[in-house]
Amino acid sequence: QVALVESGGGLVQTGGSLSLSCAVSGRTFTTYALAWFRRTPEKEREFVAAISRITGATEYLDSVKDRFTVSRDNGENTVYLQMNGLKTEDTAVYFCAASGLSGGISRRAERYQYWGRGTQVTVSS
């Protein structure tokens, strides 16, 4: 059984920073490509960032590309999302997700089999 547990959400002012973590337990960590998605009242599941299994290749939603950084620590079985320059439109519940499917990293939620329960990020103006 694979489990993902997010932490690090909270309330921050516009322009501030937060760092999210997601601890992954279960099968070998490097089996998975990992991603962050978010949910808002307008969007059920929006891709934010993803990182590949071994090489560390990354992809980002255009609106976060110069502000957010996804990384992974294969020794600690943890994936991170460093969020800088936060905007009110970044307010959402953030989920981490793991994919054991072959192929490269994906922006599609259906490619990820395992999900955390989410952590709330609120950015105030």
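Let me sum up the structure you'll find in this document. (Residues numbered from 1 in each chain as written. Predicted model: local features only at pLDDT ≥ 70, side-chain atom pairs only at ≥ 80, totals over all residues. Heavy atoms only, no water.)

**Notes on the state of the cysteines**
Alright, step 1. Applying the stated rule across the entire model yields one disulfide.
Alright, step 2. Put simply, Cys-22 and Cys-96 are joined by a disulfide, and their sulfur atoms are 1.9 Å apart. The sign of the S-S torsion, about 50 degrees, decides the handedness of the disulfide formed by Cys-22 and Cys-96: right-handed. Linking Cys-22 in strand 3 (residues 18–25) with Cys-96 in strand 9 (residues 92–99), this pair joins segments that are 74 residues apart in sequence. Here the two residues Cys-22 and Cys-96 agree in accessibility, since each one is buried. (Disulfide = S-S within 2.5 Å. Helix = DSSP H or I, 4+ residues; strand = E, 2+ residues; numbered from the N terminus. Buried < 20%, exposed > 50% of the residue type's maximum accessible area, 1.4 Å probe, protein only.)

**Observations regarding the packing of aromatic side chains**
Alright, step 1. Within this structure, the stated rule accounts for five aromatic pairs.
Alright, step 2. Relative to Trp-115, the ring of Tyr-112 has its centre 6.5 Å away and its plane inclined at 70 degrees; by these criteria the two rings are edge-to-face.
Alright, step 3. Relative accessible area serves as the criterion here: at 27%, Trp-115 is assigned to the partly exposed category.
Alright, step 4. Here a set of aromatic residues connected by ring pairs shows up, and it is made of Phe-37, Phe-47, Tyr-112 and Trp-115.
Alright, step 5. In this structure, Arg-45 packs its charged tip against the face of Phe-95, placed 4.7 Å from the ring centre.
Alright, step 6. Taking the ring centre of Trp-115 as reference, the NZ or CZ of Arg-45 above it sits at 4.4 Å. (Phe/Tyr/Trp six-rings, centres within 6.5 Å; stacked < 30°, edge-to-face > 60°. Lys NZ or Arg CZ within 6 Å of the ring centre and 35° of its normal.)

By themselves these figures say nothing about function.
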